[in-house]
Amino acid sequence: MDLSYTAQEEDFRARLRDWLADVLPKLPERPDPLDWPGRRAYDTGWQRTLYDAGYADVHWEASPTLRMIFLEESERAGAPYVGANFVGLLHAGPTIAAEGTPEQRARWLAPILRGDEVWCQGFSEPDAGSDLAALRTRARRDGDHYVVSGSKVWTSHAEVADWCELLVRTDPEAPKHRGISWLALPMDAPGVTVRPLRTLAGSTEFAEVFLDEVRVPVANRVGAEDDGWRVTMVTLSFERGTAFVGEVVACRRVLGELAREARANGRWDDAVLRRRLGRLSAEFQALWRLTQWNVSEAQRTGGVPGVGGSVFKLRYSHARQELYDAAAEVLGDAALDLESPWTRERLSSLSYTIAAGTSQIQRNIVAERILGLPKGR
């Protein structure tokens with residue numbers, strides 16, 4: 001597989017670098033990372049800047065390779081991350097672009113691209129986390145609406161969201177991987193209650209969402225009724241595929257900063273630590289190559305990442321945790337300072353083997369869909 005870049009792709013990279021170098025020094029100061037209303041305003045402002053410059057549609061209109069270049073160069077330049085726009089730009093938006101009707105694409109894609117509307121993800125439930133298909137939130141058909149009741153947990157960015165990509169059970173008699181539908185839920189609908197959850201790092205980026213007889217138009221269903229599991233696999237392929245490109249670049253940058261800190265505080269003299277950092281450098285370089293392979297494969301097959309994203313997500317989750325464990329070793333007592341970005345990132349890294357599908361789930365996907373092993377009983 002050819003992992004090199006074309007002349008057009010390199011030209012896109014050069015133009016993007018020049019634009020970032022010009023615009024980033026003019027941005028306002030970033031808000032407190034724990035202030036999600038403030039972060040929503042900042043993140044949507046940055047998204048509008050991208051939109052006005054013609055870069056906003058890179059997440060689903062551009063080729064997977066250009067999308068990867070955009071995320072790579074943005075991270076290297078220190079540009080704002082998608083933040084509160086994460087679900088809309090990297091999950092719901094690409095899913096609607098791939099599976100939605102022309103009317104749905106016209107209604108939802110432009111507001112996401114302009115930063116006018118923010119989305120959250122309503123997938124997991126108290127008894128349906130790793131086993132997502134066991135979800136029990138019901139959607140009863142009533143004319144041209146569904147009446148939805150149930151609850152969701154770990155709903156990303158729910159407290160600042162306008163819309164939710166929501167999985168519901170529309171046929172309770174069907175086998176559990178069937179009878180599921182993918183809905184766009186307006187978060188201001190009567191019957192929606194959001195209860196923020198505070199993480200170990202103090203953030204409220206997740207929430208519980210309670211749904212009490214919420215009416216959702218049938219027109220808000222993406223894909224056919226009861227075909228939501230297939231649509232969900234499209235969503236998760238984006239979540240586990242191209243969505244982490246910028247984070248790999250960020251980890252390689254952090255590793256360089258960690259090596260410089262070790263040299264400055266004397267920890268570099270520890271040969272065991274040096275070997276650990278060297279192995280992590282090789283690990284993230286390999287992950288970057290795997291990212292390129294996944295993106296190249298997505299481009300070859302029409303834009304939707306394949307199951308290779310599970311291989312990446314499985315190894316990346318553990319490598320990120322190992323990186324911040326090494327950071328704690330380098331920083332010593334300073335790693336206990338909860339005000340330190342290093343410490344917050346270390347605490348955040350603990351969730352990566354659970355979020356976006358647990359490592360156990362990823363191993364099952366790799367075993368069954370890539371290696372062709374029989375399903376467990």
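Computed from a predicted model, the values in this text were never measured in an experiment.

**Things to note about the overall build of the protein chain**
Right, on to step 1. Counting its secondary structure elements, the protein chain contains 11 helices and 8 strands.
Right, on to step 2. Per-residue burial for the protein chain yields a buried fraction of 51% across its 377 residues.
Right, on to step 3. In the protein chain, of all internal contacts separated by at least 6 residues, the share reaching a separation of at least 24 is 73%.
Right, on to step 4. With the model as given, the accessible surface of the protein chain reaches about 17300 Å², and the carbon-plus-sulfur share is 51%.

**Let's talk about the packing of helix 1 (residues 7-23) against helix 2 (residues 36-53)**
Right, on to step 1. Their axes nearest at 13 Å, the elements helix 1 and helix 2 cross at an angle of 130°. Comparing their axes, helix 2 and helix 1 come out oblique. The handedness of the crossing between helix 1 and helix 2 comes out as right-handed. From helix 1, Trp-19, Leu-20 and Val-23 reach across to helix 2, where they touch Trp-46, Thr-49, Leu-50 and Ala-53.
Right, on to step 2. Here the contact of helix 1 with helix 2 is built from residues that sort into 6 nonpolar, 1 polar and no charged.

**Topic: helix 2**
Right, on to step 1. When the terminal C-alpha atoms of helix 2 are compared, their 25 Å separation across 18 residues agrees well with the 26 Å that a helix rising 1.5 Å per residue should span.
Right, on to step 2. Residues Trp-36, Gly-38, Arg-40, Tyr-42, Asp-43, Thr-44, Trp-46, Gln-47 and Leu-50 constitute the buried set of helix 2.
Right, on to step 3. Of the surrounding secondary structure, the elements contacted by the buried residues of helix 2 are helix 1, helix 3 (64-76), helix 4 (86-99) and helix 5 (102-114).
Right, on to step 4. For helix 2, the N-terminal cap is Asp-35; the gap from its side-chain oxygen to the backbone nitrogen of Gly-38 is 3.0 Å.
Right, on to step 5. Backbone geometry just downstream of helix 2 places Gly-54 in the positive-phi region, at approximately 90°.

**Side note on the pattern of salt bridges**
Right, on to step 1. Enumeration according to the criterion identifies 27 salt bridges in this entry.
Right, on to step 2. Linking Asp-127 and Arg-136 is a salt bridge whose minimum nitrogen-to-oxygen distance equals 2.9 Å. Like Arg-136, Asp-127 is exposed.
Right, on to step 3. A salt bridge links Arg-267 to Glu-329; the shortest N-O distance between them is 3.4 Å. Taken together, the residues span a long stretch of sequence, with Arg-267 in the loop between helix 7 (245-265) and helix 8 (271-300) and Glu-329 in helix 9 (residues 308-331) at a distance of 62 residues.
Right, on to step 4. You can call Arg-267 partly exposed: its relative accessible area is 26%.
Right, on to step 5. Look at Glu-329 and you get partly exposed, because its relative accessible area is 28%.
Right, on to step 6. What emerges from the salt-bridge pattern is a single network uniting Glu-10, Arg-13, Arg-17, Glu-72, Glu-73 and Arg-76.

How each quantity is defined
Residues numbered from 1 in each chain as written. Predicted model: local features only at pLDDT ≥ 70, side-chain atom pairs only at ≥ 80, totals over all residues. Heavy atoms only, no water. Helix = DSSP H or I, 4+ residues; strand = E, 2+ residues; numbered from the N terminus. Buried < 20%, exposed > 50% of the residue type's maximum accessible area, 1.4 Å probe, protein only. Contact = heavy atoms within 4.5 Å. Areas by Shrake-Rupley, 256 points an atom, 1.4 Å probe, with all protein chains shown as cover. Axes fitted to C-alpha atoms, helices over the stretch in contact; angles between N-to-C directions. Parallel < 35°, antiparallel > 145°, perpendicular 65-115°, else oblique. Left-handed = near helix turned anticlockwise from the far one by under 90°. Nonpolar A, V, L, I, M, F, W, Y, C, P; charged D, E, K, R; others polar. Expected span 1.5 Å × (residues − 1). Polar contact = N/O pair within 3.5 Å; in protein donor to acceptor, adjacent residues only side chain to side chain. Salt bridge = Lys/Arg side-chain N within 4 Å of Asp/Glu carboxyl O.

Scope: geometric values only; no functional claims are made or implied.
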